[in-house]
Each structure stands twice: as structure tokens, then as C-alpha cells.
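# Structure assessment
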Amino acid sequence: MSNRKNKRDYYDVLGVSKDATENDIKLAYRRLARKFHPDMNKTDPNAKEKFIEVQEAYEVLNDPDKRRNYDRFGFSGVDVNMSDIFSGGIPGIDELFRSIFGGGGSSGFGDIFDSFGGFGSRSRSRTRAPRRQVGQDIEAHIEIDFEEAMFGVKKDIELERYTPCDHCEGTGAEDPSAVTSCPKCQGTGKMRTMSRSGFGTIIRESECYNCNGTGQIIKKKCKVCGGKKMVPETKKIHVKIPSGVEDGVHLKVQGAGHIPSKQAIPGDLYIGIRVHPNEHFIRRGNDLYTRADVDIVSAILGDKIKVPTLDYKNNIITEKELEIPPGTQHGTEFRIKNRGATYLRGKGKGDQYIVVAVEIPKEISKEQRELLFKYKELSKKS
Ligand SMILES: [Zn+2]
Ligand SMILES: [Zn+2]
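Rules used throughout
- Residues numbered from 1 in each chain as written.
- Chains lettered and ligands numbered in written order.
- Predicted model: local features only at pLDDT ≥ 70, side-chain atom pairs only at ≥ 80, totals over all residues.
- Heavy atoms only, no water.
- Pairing = 2+ DSSP bridges.
- Helix = DSSP H or I, 4+ residues; strand = E, 2+ residues; numbered from the N terminus.
- Axes fitted to C-alpha atoms, helices over the stretch in contact; angles between N-to-C directions.
- Donors = N, O, S within 2.8 Å, 3.2 Å for Na, K, Ca; no water.
- Tetrahedral: all angles 85-135°; square planar, octahedral: opposite > 155°, others 65-115°.
- Buried < 20%, exposed > 50% of the residue type's maximum accessible area, 1.4 Å probe, protein only.

Here we take up the sheet that holds strand β15 (residues 352-359). Strand order in the open sheet formed by four strands is β10-β11-β15-β14, with mixed pairing between adjacent strands. With partners counted over all chains shown, the strands left at the sheet margins are β10 (282-284) and β14 (333-336), one partner each. Geometrically, the sheet is characterised by an average inter-axis angle of 30 degrees between neighbouring strands, direction not taken into account. Note that β10 and strand β11 (residues 287-295) share three bridges and pair antiparallel. Directly across from R283, in β11, lies its bridge partner L288.

Structure (C-alpha cells):
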């Protein structure tokens, strides 16, 4: 991963476009860092490497100077190697997010794991005043056709998320009034151990073994959620995908993620969009490129051809007549203004470029051949 040759483009790593805003980059980073942080992801054997890759992409793209250099000179313009920086170990994600984003750390990370009481990392410490719990995000994917991406489309997504268990009012106990405070940690969920070293006393905080860090003792678990405090729910989400959406972007639906408790802030839903390619249009930024095959005679004499284009009035792909002037060269580009993709931010649309591909016939008839020889003769004289 540290090998420069094998590095993936930073924009690809974060799944954002080249004109992504600072906020796009932050959002993408948060989402991916949570997804691949080794404390969090115990299933993907490459999670750590992916996490480092994400961190590195963020370090560069989030810094305007580094980003500019990267845009101009690629990897050689920036000297960042997170594998070295993290060689001493990767900090817990809460700690990391606090150092990056500052604040009280409503990172949303891990809260769902607390509620499940068992898997995931417990390394982060819960310090200071109780903060509002934030539900974990959900990631979903949808595939749409090129036309749907160009004109916008409405889609229904079905997702499974966790919501507080009604039966036990989110306590996890069959009898919510029978929940008692853990005697070993006095309900704090934490144990403190002290050790002395040459530098002084080190106080280590760890999770209480008696209550698994919950601070509570539940004698009889809720029979509906089995003590998990939450139950799965199938939810249908109606999403409006805006005109101009690009392959690889993520749409955020605020509050559609997991809800660990009634007081918690729900997590968000991120919908990754895959756009199927279209044989007639290649997208570059917000411009579209269409290849038009023109036979050699039409290129020489001029002609009218039909080209596919977007009809934004009727939201269909239609055909438009295009005039090819006499003497048109191979590779000539004709621009059709405002027939590209809609800008998601700001106003307007990109343009469509028709790129002429002059076709040389592989086979011709005897008569055509004779005419061409005659043409050759005439060319010599003039
Ligand atoms: Zn329950
Ligand atoms: Zn305890």
C-alpha cells in the first residue's frame, strides 16, 4: 500500500469527484473511516490497509495546498505516507475524529455496539458529561440507468435498521423497573487501574468486567430483543435522485440510519449510486462526448447527420440533426451547448461534444476503385 506504484487515485479512494467540495470530502472520509477502522471492521482482512488508504487520501484532499499539488503533479506532488505515521498503531476512531473535527465527539461511532453489548471495539473511553448517543449509519447501493441519472428519478429502497425495542422501552430488561446499578463499578461501567512508571503514575481506564461497561445489571433479559435493547425493522425509503447525479457518488438521507434509543440522534443513510454506462454518451465532468461515424465522402463533401442527444423538455434521449461542413477532419468536435449533465451544485448544464470519426471503407467495388484512381490522377495534376 505504501508502494507508490500501487496507490489508488485519492479521489477514487474517497469516492468523490474531482470538483468535490470540502464538505463532500469530509462526509466521504467520515463514512469510510468508520467503515474500515480496524476497531470497527472485524470482517474484512484488508480493513486496516483500506483505513490507512482512506486516511491518507483525506490528509491530502482536505488540505487545499496539498490538494492543489496533487491535482497538478499527482503523487509526486505530495509526500504523505500514513503507513509510516500509523506505524505506532492506529488511534481509536473517536480520538481520531476528535483530533480532526474537534468538539465533543458525536462521531456516531460504536454506539450501536454498546447497545449490542458484545462485539466491536470497546477501546474508546466514555469520559465527561453524558452525551447524546448517535446511531450508526447505513450504507445502501442502487444502480440506475444513464437516462435516470441524466433526468433524475425516484426510487424506493428497502432497508433493515435497528430501532428501540418497545417491549422493554429500550432497557433490555423484561422488567424495566428491575434494572439495578452495577455494584463493581458503581454504575459507571468503568474500572480504573493504576501503575507506576519512570514518568509517574499512569491511570488506565477499562471497561467493567461485571456489566460489560453498561453500568447496569439486568437479571432477566427482555424476551423480545434478548437484552439488545433494539429490534430490527424493515423500512421503505423513497428517494429522489437529482438530475445530473454521477457514478460513484453517495446521497445522504439524514436520520434514516439506525436508532439505538429513543433519546438518540438517528444515524444517516448513505446511498451509493452506480450509473450504468450508455453506448452513446461518455461523461467527463458535466460534459458528454458522443462519437459520430461519418463516411469519407460525407466528410469531404459535407452532409447532415443525426446524433443522439438529451431532450430535457421531455426527459428522453432523442436525435438531433447536425450539419457537417465540407472538408470535416477526423476528430473534429462539434459542441451542442447545454446538452450535458446538470450541475448538482450551482446552475446550468454541461455541453455535449460530437466527435467525428471518419470511416475508411475496408472494401469497395470495382467501380468505386476506378473512380478513386481517377481522383488520384486529378489530384496529381492540380
Ligand atoms: Zn426489548
Ligand atoms: Zn460494572
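The zinc ion (ligand 1) binds to the protein through C165 (SG), C168 (SG), C222 (SG) and C225 (SG); the donor distances cover 2.2 to 2.3 Å. Geometry at the zinc ion (ligand 1) is tetrahedral, judged from its four donor atoms and the angles of 102 to 115 degrees they form at the metal. Motif for the zinc ion (ligand 1), donor spacing along one chain: C-x2-C-x53-C-x2-C. What makes C222 buried here is its relative accessible area of 2%. You can call C225 buried: its relative accessible area is 7%.

The next thing to look at is the coordination of the zinc ion (ligand 2). Octahedral metals with six donors have ideal donor angles of 90 or 180 degrees. Tetrahedral metals with four donors have an ideal donor angle of 109.5 degrees. Protein coordination of the zinc ion (ligand 2) is provided by C182 (SG), C185 (SG), C208 (SG) and C211 (SG), with donor distances spanning 2.2 to 2.3 Å. Of note is the zinc ion (ligand 2), whose four donor atoms meet at the metal with angles of 100 to 116 degrees in an arrangement that counts as tetrahedral. In terms of primary sequence, the donors binding the zinc ion (ligand 2) are separated according to C-x2-C-x22-C-x2-C. Here C182, found in the loop between β3 (180-181) and β4 (190-197), pairs with C211, found in the loop between β5 (200-207) and β6 (216-217); they are 29 residues apart in sequence, far enough to count as distant. By relative accessible area, which is 1% here, C182 ends up buried.

Everything listed here is a matter of coordinates, which is why it stays silent on function.
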